[in-house]
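Fold and geometry: a report
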Amino acid sequence: MGEAIFFLGDIISLIFRGKVRWNDVLNQMYSQGVGSIMIVMLTSLATGTVLGLQGLITLQRFGAKEFIARLVALSLVRELGPVFTALIFSGKAGAGISAELGTMSAQDQVQATRAMGVDPIEFLVVPRFLACFLVLPVLVIISEILGIMGGYLIAISQARIPSAYYIHATMQAVGYVDFFSGFIKVLFFGIIVGWICSYQGFFTQGGAVGVGRSTTKAVAYSYIAVIVSNAVLTKIILTFWG
C-alpha cells in the first residue's frame, strides 16, 4: 500500500510540474473512450429499460406511475450511472492499461525507457492516468442520457405516459445537486481506476503469467475500490448536501 501511495504521489507530482505528453494523452483518450463507448451505451440503455420496467410494476401498485421519470432519472444520475460506468470502464479500459504496462514491464521495456534517460512514469503512466480521469466523466454523461432514454421508452410504450410530461418531469427531478453529486464521484472513480490499473501493470513480474495475474488483480481491486469509495462518498455528500 505504501508503494502504491508513493506511486500515485509521483504521478500527481509530474502532472503538477507540467510533465505531461499531451499527444500521448489524446491518443489514450481516443483508445480508451472508443474502446469502451459501445459497451457503456448498450448496458446503460438496458439498465434504464430495466429500471423503467421494475419501477412501473412497483409504482402501479400505489397508483403512482407518473413518478417513474423521477425514479429513473435520480437513480441513474446519483448512483447507477457513475458506478456502473466506472465498473465497465475498469473492466475494459483498465484491464487494457494493466495488460499493456504489464507486458512492457515483463519484457524489460520499462527498464529500457529508464536507461534512455526518460522517466517511465512520465512516458508510460501519466498519459494513461490522465486519460482515465478525463474520459470517464464523458462516458458517464453518455451513460446517464441513454439510461434515461431507456426509461423513457418504457414510460411511453408501457405506462402510456405522454412524452412531453416525461421529459418535463425528468428535468424537474434532476437538480444541480443531484448531477454534481454523481459527477464528483466520477472524478474519484477516474483517479482510482487509473491509479490501481497503472500500478498493477507497472510493477508486473513473472512473464506472461505475471501479466495475467496483474491484470486480474487490477480489475478486481478496481471493482472493490469503486464500490467501497462510492459508499464513503455517498455518505459524505448526503451529510453536506442532503
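All of the points below concern the structure found in this document.

Conventions and cut-offs
Residues numbered from 1 in each chain as written. Predicted model: local features only at pLDDT ≥ 70, side-chain atom pairs only at ≥ 80, totals over all residues. Heavy atoms only, no water. Helix = DSSP H or I, 4+ residues; strand = E, 2+ residues; numbered from the N terminus. Patch = residues over 30% accessible without salt bridge, like charges linked within 9 Å, V, L, I, M, F, W, Y side chains within 5 Å. Areas by Shrake-Rupley, 256 points an atom, 1.4 Å probe, with all protein chains shown as cover. Salt bridge = Lys/Arg side-chain N within 4 Å of Asp/Glu carboxyl O. 1 Å grid on protein atoms, 1.4 Å probe; cavity = no way out; pocket = protein on both sides within 12 Å on 5 of 7 lines; lining within 4 Å. Points joined across faces, edges and corners; volume = space filled by probe spheres on them. Buried < 20%, exposed > 50% of the residue type's maximum accessible area, 1.4 Å probe, protein only. Axes fitted to C-alpha atoms, helices over the stretch in contact; angles between N-to-C directions. Left-handed = near helix turned anticlockwise from the far one by under 90°. Contact = heavy atoms within 4.5 Å. Nonpolar A, V, L, I, M, F, W, Y, C, P; charged D, E, K, R; others polar. Polar contact = N/O pair within 3.5 Å; in protein donor to acceptor, adjacent residues only side chain to side chain.

**What about the environment of valine 72?**
The topology assignment puts valine 72 in helix 3 (residues 68-106). In this structure, the C-alpha to C-alpha distance between valine 72 and glycine 207, residues 135 residues apart in sequence, is 46 Å.

**A word on a nonpolar patch on the surface**
Where nonpolar side chains cluster on the molecular surface, the patch consists of Tyr176, Val177, Phe180, Tyr221, Tyr223, Ile224, Val228, Val232, Ile236, Phe240 and Trp241 and spans about 1200 Å² of accessible area. For the nonpolar patch, the secondary-structure elements that each account for two or more residues are helix 7 (176-202) and helix 8 (207-241). Among the elements that take part in the nonpolar patch, helix 8 stands out by supplying eight residues, more than any other. Position of tryptophan 241 among the secondary structure elements: in helix 8.

**A look at empty space enclosed by the protein**
Going through the model one piece at a time under the given rule, you end up with one cavity of 30 Å³ or more. Taken as a whole, the largest cavity holds about 70 Å³ of empty space. Lining the largest cavity are Val40, Thr43, Ser44, Thr47, Leu76, Leu80, Gly81, Phe84, Thr85, Ile88 and Ser143. At the level of elements, helix 2 (22-60) and helix 3 are the ones that each hand at least two residues to the lining of the largest cavity. At six residues, the largest contribution of residues to the lining of the largest cavity is made by helix 3.

**Focus: the pattern of salt bridges**
Under the criterion given, the structure shown has four salt bridges. Linking glutamate 79 and lysine 185 is a salt bridge whose minimum nitrogen-to-oxygen distance equals 2.5 Å. With a gap of 106 residues between them, glutamate 79 in helix 3 and lysine 185 in helix 7 connect regions that are remote in the sequence. For lysine 185, a relative accessible area of 3% puts it in the buried group. Between glutamate 100 and arginine 128 there is a salt bridge, with its nearest N and O atoms 3.0 Å apart. Of this pair, glutamate 100 sits in helix 3 while arginine 128 sits in helix 5 (residues 120-157), and the two are 28 residues apart along the sequence.

**Structural notes on unusual backbone geometry**
The backbone phi angle of arginine 160 is positive, close to 60°, even though this residue is not glycine. Positionally, arginine 160 belongs in the loop between helix 5 and helix 6 (163-173).

**What about the packing of helix 5 against helix 7?**
Packed helix pairs are specified by the crossing angle of their axes together with the interaxial distance, meaning the distance between the axes. One can describe the packing of helix 5 onto helix 7 by two numbers: an axis separation of 8 Å at closest approach and a directional angle of 145°. Read as a crossing pair, helix 5 and helix 7 show a hand that is right-handed. Contact with helix 5, carried on its side by Pro120, Ile121, Val125, Phe129, Cys132, Phe133, Leu136, Pro137, Val140, Ile141 and Glu144, involves Phe179, Phe183, Val186, Leu187, Phe189, Gly190, Ile191, Gly194, Trp195, Ser198 and Phe202 of helix 7 and no other residues of that element. Class assignment for the residues of the contact of helix 5 with helix 7 results in 18 nonpolar, three polar and one charged.

**Digging into the side chain of arginine 128**
The class for arginine 128 is buried, based on a relative accessible area of 8%. A polar atom in the side chain of arginine 128 sits 2.7 Å from the backbone oxygen of leucine 124. Excluding residues that lie within four positions of it along the chain, arginine 128 makes contacts with Gln28, Gln32, Ile97, Glu100, Leu101 and Met104.

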